[in-house]
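Report on the structure
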Amino acid sequence: MGHVNADCDTCMCEDATLHGKVSLEDGSPAADARVYLQAKKLKLLTMADNRGMFRIPGVCPDGKNTLKIKKAKYATATVTVPESKPYVFRSPEDKARRVGQSVSFCCDARGSPAPDRYLWYHNGSLLDPSLYKYKNNLILKNLKREQSGEYFCKASSAGGSAKSQVAKLAVIEAACDSQPQSHLIRLPHDCFQKATNSFYYDVGKCPAKTCVGKLDKGLRCKDNVSYCCGVSKMETRDISCDGYTLPTKVIVECGCKICTETKIMVRGRATAADNGEPLRFGHIYMGNKRVSMTGYKGTFSIHVPADMERLVLTFVDRLQKFVNTTKVLPFKENGGAVFHEIKLLRKKAPVTLESTETNVISLGEIEEDDPIAELEIPPNAFYRKNGEVYSGKVKASVTFLDPRNISIAPVTQSDLNFVDEEGDVFPLRTYGMFSVDFTDEQGTESLNAEDVKVHLDAAQVKMPEHMQEMKLWSLNPETGLWEEEGDFNIEKSTRRKREERMFLVGNMEIKERRLFNLDVPESRRCYVKVRAYRSERFLQSEQIQGVVISIINMEPEPGFSSNPRAWGRFDSVVTGPNGACVPAFCDEQNPEAYGAYILASMGGEELEAVPSAPKLNPAAIGVPQPYLNKLNYRRTDHEDSNIKKTAFSINMAKPSPNSPEENNGPIYAYENLNECEEAPHSAAHFRFYRIEGDRYDFNTVPFSEDDLMSWTDDYLAWWPKPMEFRACYIKVKINGPQEVNVRSRNMGGTHPRTIGKLYGIRDVRSIRDPQQRDVSAACLEFKCSGMLFDQDRVDRTLVKVVPQGNCRRVSVNSMLHEYLVNHLPMATNNDTSEYTMLAPLDPLGHNYGIYTVTDQDPRIAKEIALGRCFDGTSDGTSRIMKSDVGVGLTFTCSERSATEQSIFQSQRNLELGASRGSEFVCY
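Cut-offs and rules
- Residues numbered from 1 in each chain as written.
- Predicted model: local features only at pLDDT ≥ 70, side-chain atom pairs only at ≥ 80, totals over all residues.
- Heavy atoms only, no water.
- Helix = DSSP H or I, 4+ residues; strand = E, 2+ residues; numbered from the N terminus.
- Rg over C-alpha atoms; globule rule 2.2 N^0.38 Å.
- Buried < 20%, exposed > 50% of the residue type's maximum accessible area, 1.4 Å probe, protein only.
- Contact = heavy atoms within 4.5 Å.
- Disulfide = S-S within 2.5 Å.
- Pairing = 2+ DSSP bridges.
- Axes fitted to C-alpha atoms, helices over the stretch in contact; angles between N-to-C directions.
- UniProt positions renumbered as here; feature names shortened; annotations may be inferred.
- Salt bridge = Lys/Arg side-chain N within 4 Å of Asp/Glu carboxyl O.

Considering the overall build of the protein
Looking only at helices and strands, the protein has eight helices and 65 strands in total. Against the compact-globule benchmark of 29 Å for 923 residues, the protein has a radius of gyration of 31 Å, which places it among compact chains. Once the C-alpha set of the protein is aligned to its principal axes, its extents read approximately 100 × 70 × 65 Å. In the protein, which comprises 923 residues, the proportion classed as buried is 52%. Taking the contacts inside the protein whose residues are at least 6 apart along the sequence as the reference set, 69% of them involve residues at least 24 apart.

Concerning the state of the cysteines
In this structure the tally under the stated criterion is twelve disulfides. Here C176 connects covalently by a disulfide to C229, the sulfurs 1.9 Å from one another. Measuring handedness by torsion sign, the sulfur bridge of C176 and C229 sits at about -100° and is left-handed. Of this pair, C176 sits in the loop between β17 (167-172) and β18 (184-186) while C229 sits in strand β20 (residues 227-240); the two residues are 53 residues apart in sequence, bridging distant segments of the chain. Covalent S-S linkage joins C728 and C784, the inter-sulfur distance amounting to 1.9 Å. What sets the handedness of the C728 and C784 disulfide is the S-S torsion sign, and at about 120° it is right-handed.

Looking at the sheet that holds strand β6 (residues 66-70)
Here we have four strands laid out as an open sheet, ordered β4-β3-β6-β7, and antiparallel in their pairing. On the outer flanks of this sheet lie β4 (43-47) and β7 (77-80), each paired with one strand and no other. Across this sheet, the average inter-strand angle for adjacent strands is 30°, counted without regard to direction.

Comments concerning the UniProt feature "domain: Ig-like" (unreviewed entry) in the protein
Taking the numbering used here, the UniProt-annotated feature "domain: Ig-like" (unreviewed entry) corresponds to residues 86-170. Note that residues 86-170 is 5% helix and 52% strand, and that its end C-alpha atoms are spaced 29 Å apart.

As for the pattern of salt bridges
All told, the structure shown has 43 salt bridges when counted by the stated rule. Here E341 makes a salt bridge to R269, at a shortest N to O gap of 2.2 Å. Of this pair, E341 sits in strand β28 (residues 336-344) while R269 sits in strand β22 (residues 264-272), and the two are 72 residues apart along the sequence. In this structure E341 comes out as partly exposed when scored by relative accessible area, which is 30%. Residues joined in a network through salt bridges with shared partners are D697, E705, R762, E781 and K862.

Thoughts on the pairing of strand β30 (residues 359-363)
What you see with β30 is a clean split: N359, I361 and L363 sit on the buried side and V360 and S362 on the side with no burial. Note: β30 against strand β31 (residues 373-377), five bridges, orientation antiparallel. Opposite S362, over in β31, you have E374 as the bridge partner.

Some thoughts on the sheet that holds strand β24 (residues 289-293)
One open sheet holds the four strands; their spatial order is β24-β23-β26-β27, and the pairing between them is antiparallel. Lying at the two open borders of the sheet, with one neighbouring strand each, are β24 and β27 (325-328). For this sheet, the mean inter-axis angle between neighbouring strands, taken without regard to orientation, is 30°. In this sheet, β24 lies alongside strand β23 (residues 283-286) in antiparallel orientation, the contact comprising four bridges. In the sheet register, I284 faces β24, and the bridge partner there is S292.

Here it is in structure tokens:
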């Protein structure tokens, strides 16, 4: 690592600099503390300044150098200089260039010692350093087509190596294909198209990819402006519907434009795993920096920086009821928000130990089963942070995450990954995690402990190969990665008057890090392809992005070489435009060797999986036979209809290369990740769907709420700003025996560029009040008033609310009416079968029957507004319609004759007939 100094008693590293801080017991700086190097004789290296800070060049961070820190009237502290692997904090970014242009990729890593060597790779092959003359930046000039592909760097130091994220370089000859791709939108229920025998219309779309725009002079790590293929020309087409004409904008030409600027958000709720108690006003850290707090209900919101690759957050309970929890949270890289449920493990009540005696603490308390492991703390092992041995009673709280309890799998810390010596990220399979908290008898001073032994019961390790690979790990809360603390040795002993048994014994010291893991690396890996949809039609155009797909890796079934009751890993990913590829353990030799539970949620609400009973339907599940039988797909209610329908289990059978039917998904070998990510919609995949009820949205300017990059700067865009989405709803009460369809027709009202032009249509069916037989209600979306995309002047949207059938308006919320009277102009309302208003500019609340929410993600804004509307409050939420509170409009509707169908029922019948009578395929 370095070279021997002149006295031949210490190793020195010229490129290493040690930074530190010395504090007194009360946290105040230890000014003028002297820092010595432990050698044959103590060597004074430096003194701390008045802030307690010091800097020492040349000290090797090899885990062997020891510092002695002295200050008058205080005990001497002893510190070992830790060895630190490098980690990449800035990776190269995706870029696009034309043939003949130049490009620069940059990579930066940190560590102690600092990385001193960088290597660059193209499509997995090392680029010759002598030819390309690179360091931490790679410059490629006079680009050729064959230089397209993936680039990444590897940073190395004496402490190890780390690899960056992959950056994609597109070397193209043309900026963008001007011809739009096909994209079908669904038309309203009364707009069946005889020409295509369907309810769909092709409005086109531009490919979602980067392109080459105007480049700045010079070579930069990050392009100042990003360019994407986008809409350069649209035309208005009039679609003939039942009794009216529907205008829609159709993309006719694509071009290279500045990418739509979006915000990336992570929202969520932190609650106890045992009873749902919220983490109230907890602190949220990103590395060592506090970035946010949870609210009274445990909710939180985090803005993700644009260059963030890996979002690592630590949730800290100020009251210390819960274990500090570090999570690696996936997010939508193309903008928008993702909602995560954070489950916290409650701290175990402390027990009192005698510091002068041997103490044993059990890890794992499954009823009628032995502990997985035990901690053995020898006498006089506790010491203060200043190095002084502690004598007295110790309060010890050791909380164990037991993998034999599947209900607490979501509590898993981080994402169970580590970085090997070559810088590659590998997964771990856990045999349990434990959090350690030692304090003095008063609970005011945190204590360390040395020479602690971990006795892991070998009987709990059912896979023989894991015996030799078991290691002790600690969590780095800054990177969210697990780092090796030590190995285990096999010993035979009799513990607690039991028969002689085999134990894996490891040694540890408990200092700054307090979260540990009993893990083995696992190389048998696969990916599972999962997609989420808006309905049971499972159409490609109805896929949902931003859904959190979680997987619990289960151990083998009985008869195979591991524990059938335990889980080994918990992972989460977020669906993108082409679904998600979820990492999992798998086995090629034994199809039943590994199993998995897979579940999906969006906005904190669980999605439904495709049923497996009374019999399997391969077409609905998305996986053909005979592979489906081999995977043994079972929804959680397969044997008990009272169980929730929101997850399914499968055998993780790795696809056989000799079976063609197994090489088209839904399981992909680990090396085939790209094939999984780019798999066409027709390839096998598992499915979740969201029961949204009878709801329909039509936008004159097409826009996918799942893909914020699809936003178009048009005056008729429903959402005028791609970084701020304001959702508006009005609550409509229906007196009558039938549930009815209610429509909002939204047009320009006061803006000269949009007056009289359609923004869009919203249809929703009223929901029966569970307490009142002849009352239903609907939460109907309308386009909010406000600035249009140019932010020049506002438009008061002209909103017409029309319930279907024989209905009569009987009342308007008095406060809403008064507001509209006082904010002219006032819309004309001569027809009592409908209601027209110029939508309010102000974000009115439930007292007006109006519900308005602004968010960086349109779906989350709508979900929050809907929850409030259902609840009839401005700050609550409900999924049960409360029809008598927070109402804006009331209609009385008479019953239809027995021969009449509801509009939604007639739509279903038309769709069914269309699907049977035509080969028109909708994607």
